[in-house]
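Chain by chain, the residues:
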Amino acid sequence: VQLQACGGGLVQAGGSLRLSCATSGGVFGNYNMGWFRQAPGKEREFVAHIRRDSTRTYYAASVKGRFTISRANARDTGYLQMNSLKPEDTAVYYCAAGTQILTGAYDQERTYAYWGQGTQVTVSS
């Protein structure tokens, strides 16, 4: 499956953005999905995860209550709604997909076999 993330941009602190992850080449409903981000000079980190059937979601502590992950399997697209953005949310955001989730490993990169190219999110103070 191929993934294409989009929707990034420049926003002021306190603002909102909605990222999309369009997929092709596979049945999106067969894949669990995650969002990760990488800030300059830092390692890539987990942001959010959603099960293939939307029955479970998980968030990093730093974004919980501000970000919402969702998906529309009929449209082969996943989303990350980001509200109350902070300058520390500035990063390249990646969507990822995988068919298997090891117990408790939803926040680990090895869970996801497929990755999009990333979209830049910049939050100004």
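I will try to describe carefully the structure that is included in this document. Given the structure is predicted, the values throughout are model-derived calculations rather than measurements. (Residues numbered from 1 in each chain as written. Predicted model: local features only at pLDDT ≥ 70, side-chain atom pairs only at ≥ 80, totals over all residues. Heavy atoms only, no water.)

## Details of the sheet that holds strand E1 (residues 2–6)
The strands that make up a sheet are held in pairs by hydrogen bonds between backbone atoms, and each pair lies either parallel or antiparallel. Overall, antiparallel pairing links the four strands, which are arranged E1-E3-E8-E7 in an open sheet. Sheet topology places E1 and strand E7 (67–72) at the edges, where each strand pairs with a single neighbour. Taken over all neighbouring pairs, the strand axes of this sheet differ in orientation by 15° on average, direction set aside. As judged from the six bridges shared by E7 and strand E8 (residues 77–82), these two strands associate in the antiparallel manner. When the bridges of E8 are listed, Ser70 appears paired with Tyr79. (Pairing = 2+ DSSP bridges. Helix = DSSP H or I, 4+ residues; strand = E, 2+ residues; numbered from the N terminus. Axes fitted to C-alpha atoms, helices over the stretch in contact; angles between N-to-C directions.)

## Concerning the nonpolar core
Judged by nonpolar contacts, the single largest core of 32 residues is most densely connected at Trp35, Val47, Phe67, Leu80, Met82 and Tyr93. Broken down by secondary-structure element, the contributors of at least two residues to this core are E1, strand E3 (17–24), strand E4 (32–38), strand E5 (45–50), E7, E8, strand E9 (91–98) and strand E11 (119–124). Contacts of Phe67, omitting those with residues within four sequence positions, involve Arg37, Val47, Tyr59, Leu80, Gln81, Met82, Asn83, Leu85, Asp89 and Tyr93. (Core = buried A, V, L, I, M, F, W, Y, C linked by side-chain atoms within 4.5 Å. Buried < 20%, exposed > 50% of the residue type's maximum accessible area, 1.4 Å probe, protein only. Contact = heavy atoms within 4.5 Å.)

## Considering the state of the cysteines
Summed over the entire model, instances satisfying the criterion amount to one disulfide. Put simply, Cys21 and Cys95 are joined by a disulfide, and their sulfur atoms are 2.2 Å apart. Looking down the S-S bond of the Cys21 and Cys95 bridge, the torsion is 70°, so its handedness is right-handed. Taken together, the positions of Cys21 in strand E3 and Cys95 in strand E9 put the pair 74 residues apart, joining distant regions of the chain. Unpaired in this structure, Cys6 has its nearest cysteine sulfur neighbour in Cys21, at a distance of 8.5 Å. Look at Cys6 and you get partly exposed, because its relative accessible area is 39%. (Disulfide = S-S within 2.5 Å.)

## Describing the packing of aromatic side chains
Scanning all chains against the criterion turns up seven aromatic pairs. Seen in terms of ring centroids, Tyr31 and Tyr114 are 5.8 Å apart; in terms of plane orientation they differ by 85°. Their pairing is edge-to-face. In this pair, Tyr31 sits in the loop between E3 and E4 while Tyr114 sits in strand E10 (residues 114–115), placing the two residues 83 residues apart along the sequence. Centroid distance Phe36 to Trp115: 5.1 Å. Interplanar angle 55°. Geometry classified as tilted. Taken as a pair, Phe36 in strand E4 and Trp115 in strand E10 lie far apart in primary sequence, 79 residues in all. Aromatic ring contacts, followed pair by pair, group Phe36, Phe46, Tyr58, Tyr106, Tyr112 and Trp115 into a single cluster. Seen from the ring of Trp115, Arg44 lies directly overhead, with NZ or CZ sitting 4.0 Å from the centre. (Phe/Tyr/Trp six-rings, centres within 6.5 Å; stacked < 30°, edge-to-face > 60°. Lys NZ or Arg CZ within 6 Å of the ring centre and 35° of its normal.)

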